[in-house]
Amino acid sequence: MTRDQASSSGPIWSASALTGDPHQTADKANRVKAMFAAIAGSYDRNNRLHSLGRDQAWRRRAAALASIGPADRVLDVACGTGDLTEALAREGPGEVIGVDFTEPMLELARRKSADQRRPPGFPTPTYQLADAMDLPFDDGVFDVVTIAFGIRNVADPGRALLEFRRVLRRGGRVVVLEFGRPRGRLARFGSDLYCKRIMPVTATWIAHDRSGAYRYLPRSVATFPDGDAFESLLAAAGFETCRTHPMTLGIAVAYRGIAG
Ligand SMILES: C[S@@+](CC[C@H](N)C(=O)[O-])C[C@H]1O[C@@H](n2cnc3c(N)ncnc32)[C@H](O)[C@@H]1O
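Parameters and conventions
- Residues numbered from 1 in each chain as written.
- Predicted model: local features only at pLDDT ≥ 70, side-chain atom pairs only at ≥ 80, totals over all residues.
- Heavy atoms only, no water.
- Near = heavy atom within 4 Å.
- Polar contact = N/O pair within 3.5 Å; in protein donor to acceptor, adjacent residues only side chain to side chain.
- Areas by Shrake-Rupley, 256 points an atom, 1.4 Å probe, with all protein chains shown as cover.
- Helix = DSSP H or I, 4+ residues; strand = E, 2+ residues; numbered from the N terminus.
- Nonpolar A, V, L, I, M, F, W, Y, C, P; charged D, E, K, R; others polar.
- Domains from an automatic or database assignment.
- Contact = heavy atoms within 4.5 Å.
- Buried area = accessible area lost by both parts, 1.4 Å probe.
- Salt bridge = Lys/Arg side-chain N within 4 Å of Asp/Glu carboxyl O.

(A) Structural context of the site of the ligand. Around the ligand lies a shell of 18 residues, among which Tyr 43, Ala 78, Asp 100, Thr 102 and Ala 132 are the nearest. At a separation of 2.6 Å, an oxygen atom of the ligand approaches a polar side-chain atom of Asp 100. Contact distances for the ligand include 3.3 Å between a nitrogen atom and a backbone N or O atom of Phe 101. Taken by itself the ligand offers 600 Å² of open surface, and the protein chains cover 98% of this. Considering each element in turn, the shell around the ligand owes the most residues, three residues, to helix α2 (residues 28–50). Taken together, the residues of the shell around the ligand sort by class into twelve nonpolar, three polar and three charged. Split by domain, the residues of the shell around the ligand number at least three in each of domain 1 (1–44 + 181–223) and domain 2 (51–180 + 226–260).

See the structure below:
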């Protein structure tokens, strides 16, 4: 499904497509790609606004959890417009590569990267087109692999996690940043109201979106494994010492594991 097909043949994520579990949709990968191509231009603006300015702090915390050393090779998967990739570069590794399968998101990442002023000695990220489930890298060549708000969008998250383990050296770190579901009743009520009722309307309006991206977002969070269930996915892919780090009442969560 291309972006043009999406707009000419109705929303990518119609209300009926979201009645069940969107992760089980047969053509999830094509829908996700077309959806991000459709919203790329307003993606950063919507993130800043709808996280009330917290999203960059979540990415900085995820980058810090990667414990990056000066010689480290770092891979940021599903890098989108490159915000986590840039935060990783500012941790001072040897090299940072961002990969994504949606070209319009990567175009923005490259443009933003060219405008950045980094202190001397900090690497400039490189960006390339690649699928999280079939990474174009040899085994064991990275010290750190990260993914922010991406694993939920991948068609087969388990397969992607196995790819992350394959390209990491033994002892390398994986850091996954995702939306969580707050545990406290009040926080959960507020978060549900905001994410399911308010944000889909305002974000759709800001993006002039017809893809259904901001209806898909809360539904994809609600139906994706979190907490212990996500740690189990990491363990099944060969990661050890997995830990969950909740942020902002658990609205965002960083998972960290070590490649065993
Ligand atoms: C919500 S955006 C996150 C972007 C960025 N990491 C951030 O922190 O804002 C999700 C990204 O995942 C990408 N994506 C989804 N499935 C993918 C896959 N199989 N391979 C590569 N990228 C994928 C999309 O193209 C999109 O750019």
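(B) Highlighting the domain arrangement of the protein. On domain assignment, one finds that the protein holds domain 1 (1–44 + 181–223) and domain 2 (51–180 + 226–260). A straight line from the C-alpha centre of domain 1 to that of domain 2 covers 22 Å. Each partner contributes to the interface: domain 1 provides 21 residues, whereas domain 2 provides 21 residues. Between domain 1 and domain 2, roughly 1,800 Å² of surface is buried when both sides are summed, and carbon and sulfur atoms account for 59% of that area. Here domain 1 and domain 2 share three salt bridges between them. For the salt bridge of Asp 226 with Arg 183, the shortest nitrogen-to-oxygen distance reads 3.5 Å. Summed over the shared surface of domain 1 and domain 2, the result is nine residue pairs in polar contact (both at pLDDT 80 or more). Listed by contribution, the elements that provide at least two residues to the side of domain 1 that touches domain 2 are α2, α7 (185–207) and α8 (213–222). When residues of the side of domain 1 that touches domain 2 are assigned to their parent elements, the largest contribution, eleven residues, is made by α2. The residue inventory of the side of domain 1 that touches domain 2, partitioned by class, reads 13 nonpolar, three polar and five charged.

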